[in-house]
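Chain residues, written in single-letter form:
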Amino acid sequence: MLTAHFTFAPKFRAVYSGGAPLALIASGSNSSYRAILSLPATPNSDGSPSDRQLMQQIRERQPQALSRIYDLYSTLVYSVAMRVLRDGAAAEDVMQEVFLKIWQQPDSFADQRGSLCGWLAVVTRNRAIDRIRGSRQFENVDDLQLSNKVDMGAEAEREMMLEKVRTVLNTMPADQRQAMEMAFFEGHTHMEIAEQTGQPLGTVKTRIRSALSTIRKALEVSA
Amino acid sequence: MTPDQHPGLEELMLYCLGSPSAAADDPVRLHLKECAHCNAQMALLRGDMALAAMAVPQIAPPAGAKERLFQTAGLDLAQATKTAKLQGKTGNAEATAVSSVAATGNVIPMKPRRVSPGLMWGGWVAAAACLFFAMHLRQANQGMRQQLQTETAEIVQSNNSAARAQKVLDVLSSPQAQRVTLVAAHAKPEPAGHAVYLADRGALVFTASNLAPLPANKTYELWVIPANGTAPIPAGTFQPDARGMASVLLPKLPQGVAAKAFGVTLENAGGASTPTMPILLAGG
């Protein structure tokens with residue numbers, strides 16, 4: 001099922017090609033938006049269950065679905081946690097917390113909120129930042145939605161896009177990258193970054209925005 | 001903030017990054033509950049951040065982490081793994097059915113088809129071989145390009161040298177060249193010869209001026225007199241033009257013969273193998 005989460009755009013264009021996931025492009029008068037798609041309901045091309053099918057199986061309390069999701073995404077989840085926490089035991093704790101949340105509260109991830117791997121990456125990052133801060137700041141914002149032009153459920157396409165993102169991150173100006181990493185992976189507020197780097201607050205915000213914009217533009221070119 | 005007053009992109013970014021506040025009464029949070037437009041913007045921002053997170057260097061979780069997870073969740077990992085493998089091969093419905101049967105204990109275990117490790121590794125080996133071959137080709141290509149550049153530079157340099165040498169030869173050997181021998185003022189011009197000799201290359205350039213016209217069936221012949229006392233070496237015959245000018249350019253001579261002197265004799269047409277006295281011009 002295809003679900004778009006905004007209804008005010010005057011034009012919709014749906015694209016479907018063979019067994020590939022649907023794409024929906026909507027455009028308004030001033031801006032264009034990328035649609036938030038449901039996960040594909042059909043199995044993957046190798047016959048294995050899709051993320052959506054796995055999540056449905058988890059709702060039906062089938063442990064093999066959790067095993068499968070762990071096999072697919074534990075490296076990603078652990079890597080993100082390690083990047084933030086830089087501590088193996090703490091990273092495993094966060095990883096357990098994330099996968100337990102999937103098992104115990106599968107509805108916290110709704111299919112139409114974007115790709116499962118993207119959701120896992122952001123939730124893991126948020127959980128790890130919470131752990132650094134000793135807070136539960138993000139606990140109530142896991143009902144987040146993500147949007148990407150890329151079909152993040154397709155491994156080949158995902159890897160290609162991630163390689164592009166890595167290239168962009170490695171080639172972007174050092175001050176942009178530093179600001180984004182301090183905000184995203186170290187959980188610093190913009191004010192803290194400004195104090196630590198000695199840069200004006202406005203400059204810090206601009207650098208973070210530019211870094212995200214650079215990533216998005218690189219993906220839009222290749223999408 | 002109302003649904004009509006959208007937060008700026010930086011505020012959304014701030015909220016998305018989780019700073020400074022994600023409290024329930026946060027104005028951005030309240031606005032997002034009402035505004036589809038800003039929710040779409042937030043989804044885009046989170047999508048970008050997800051990519052940034054997913055691009056981190058990949059680290060495999062520690063061994064035993066999966067067992068600990070399943071233990072914490074109170075699940076049977078062995079059964080889940082077995083069913084998941086089967087499900088990966090046979091599809092959802094079939095696997096679900098098998099899983100249900102397995103729960104009753106009446107399952108007849110099916111041996112899942114396995115991909116031969118040889119086939120799996122074969123693909124990686126082939127890919128690695130292709131990569132190695134491509135790198136080798138690239139290196140070879142770079143080496144050949146450098147060699148081509150070097151050789152092209154050498155060719156250009158050689159061409160320039162050859163062009164200059166050709167100009168020198170053209171001036172020395174052209175019948176149209178004006179040849180003038182300068183002597184003391186009011187002195188009567190005398191026959192004279194000028195030899196330039198490179199012993200190690202056996203290269204000789206000789207010019208003469210004010211030579212007397214030759215009798216019929218006669219020729220002038222140039223000689224190199226070796227410093228080691230061996231017999232004179234013939235260095236070519238020549239005939240003066242109407243103004244008494246003549247030249248011998250790069251006659252065929254052995255290399256490495258140091259010259260004590262040079263001489264010119266009058267010989268029969270066709271030249272001689274030994275000089276005939278008298279020596280008309282000599283220098284050394």
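Scroll up for the structure.
Residues numbered from 1 in each chain as written. Chains lettered and ligands numbered in written order. Predicted model: local features only at pLDDT ≥ 70, side-chain atom pairs only at ≥ 80, totals over all residues.

J.: When you look at the overall build of chain B in this model, what are you seeing that I'm missing?
T.: Of regular secondary structure, chain B possesses seven helices and seven strands. Each helix (α) and strand (β) of chain B, taken in turn from the N terminus, gives the series α-α-α-α-α-α-α-β-β-β-β-β-β-β. When burial is assessed residue by residue, chain B has 26% of its 284 residues classed as buried. The long-range share in chain B, meaning contacts at least 24 apart out of those at least 6 apart in sequence, stands at 56%. (Helix = DSSP H or I, 4+ residues; strand = E, 2+ residues; numbered from the N terminus. Buried ≥ 20, exposed ≤ 12 C-beta atoms within 10 Å, placed from the backbone. Contact = placed C-beta atoms within 7 Å.)

J.: I keep staring at the sheet that holds strand E1 (residues 192-198) of chain B and nothing clicks. Help me out?
T.: All names here are of chain B. Read across the open sheet, the three strands follow the order E1-E2-E5; overall the sheet is antiparallel. Lying at the two open borders of the sheet, with one neighbouring strand each, are E1 and strand E5 (246-249). Recorded for the sheet is a direction-independent mean angle of 5° between the axes of neighbouring strands. Where strand E2 (residues 203-209) lies against E5, four bridges are found, and the strand directions are antiparallel. Paired with Val205 across the bridge in E5 is Leu249. (Pairing = 2+ DSSP bridges. Axes fitted to C-alpha atoms, helices over the stretch in contact; angles between N-to-C directions.)

J.: Mind showing me how you'd approach the packing of helix H2 (residues 63-85) of chain A against helix H4 (residues 116-133) of chain A here?
T.: Between two packed helices, both the angle of their axes relative to each other and the distance between the axes serve to describe the pair. Residues and elements named next belong to chain A. Viewed as axis vectors pointing N to C, H2 and H4 meet at an angle of 30°, and their least axial separation amounts to 9 Å. Classified by the angle their axes make, H2 and H4 are roughly parallel. Helix-helix and strand crossings are classified by hand; for H2 and H4 the assignment is right-handed. Counting all contacts with H2, which are made through Tyr73, Leu76, Val77, Val80, Ala81, Val84 and Leu85, the residues of H4 involved are Cys117, Leu120, Ala121, Thr124, Arg125, Ala128, Ile129, Arg131 and Ile132. In terms of residue class, the contact of H2 with H4 is built from 13 nonpolar, one polar and two charged. (Parallel < 35°, antiparallel > 145°, perpendicular 65-115°, else oblique. Left-handed = near helix turned anticlockwise from the far one by under 90°. Nonpolar A, V, L, I, M, F, W, Y, C, P; charged D, E, K, R; others polar.)

J.: Where do I start with the packing of helix H1 (residues 51-59) of chain A against H2(A) in this structure?
T.: Residue and element names in this part refer to chain A. In contact at an axis separation of 7 Å, H1 and H2 are set at 140° when each is read in the N-to-C sense. By the angle between their axes, H1 is oblique relative to H2. Note on packing geometry: the crossing formed by H1 with H2 is left-handed. Every residue of H2 that contacts H1 at Leu54, Gln57 and Ile58 is listed here: Ala65, Leu66, Arg68 and Ile69.

J.: Quick question: what am I supposed to make of the environment of Gly229(B) here?
T.: Among the structural elements, Gly229(B) can be located in the loop between strand E3 (218-226) and strand E4 (233-238). Sequence separation of Gly229(B) and Lys260(B) is 31 residues, and the distance between their C-alpha atoms is 8.5 Å.

J.: Hey, could you run me through the nonpolar core in this one?
T.: Across soluble globular proteins, you tend to see nonpolar side chains buried next to one another. If you look at the biggest cluster of nonpolar residues, it comprises 77 residues, and the most contacted ones within it are Ala81(A) and Leu120(A). Residue contributions to this core peak at 13 residues, all from H2(A). The next biggest cluster of nonpolar side chains, apart from the first, holds 16 residues, and it includes Ala195(B), Leu211(B), Val224(B) and Val264(B). (Core = buried A, V, L, I, M, F, W, Y, C linked by C-beta atoms within 7 Å.)

J.: What's the story with unusual backbone geometry in this structure? I'm lost.
T.: In most cases, non-glycine residues show a negative phi, while peptide bonds are predominantly trans. Cis geometry is adopted by the peptide bond preceding Pro278(B), which originates at Met277(B) and carries an omega value of 5°. Considering the arrangement of structural elements, one finds Pro278(B) in the loop between strand E6 (259-268) and strand E7 (279-283). Phi at Arg86(A) is positive, roughly 55°, even though this residue is not glycine. Turning to its location among the elements, Arg86(A) is positioned in the loop between H2 and helix H3 (88-104). Classification of Arg86(A) by C-beta neighbours within 10 Å gives partly exposed; the count is 13. Although it is not a glycine, Leu250(B) sits at a positive phi angle of roughly 50°. Position of Leu250(B) relative to the elements: it lies in the loop between E5 and E6.

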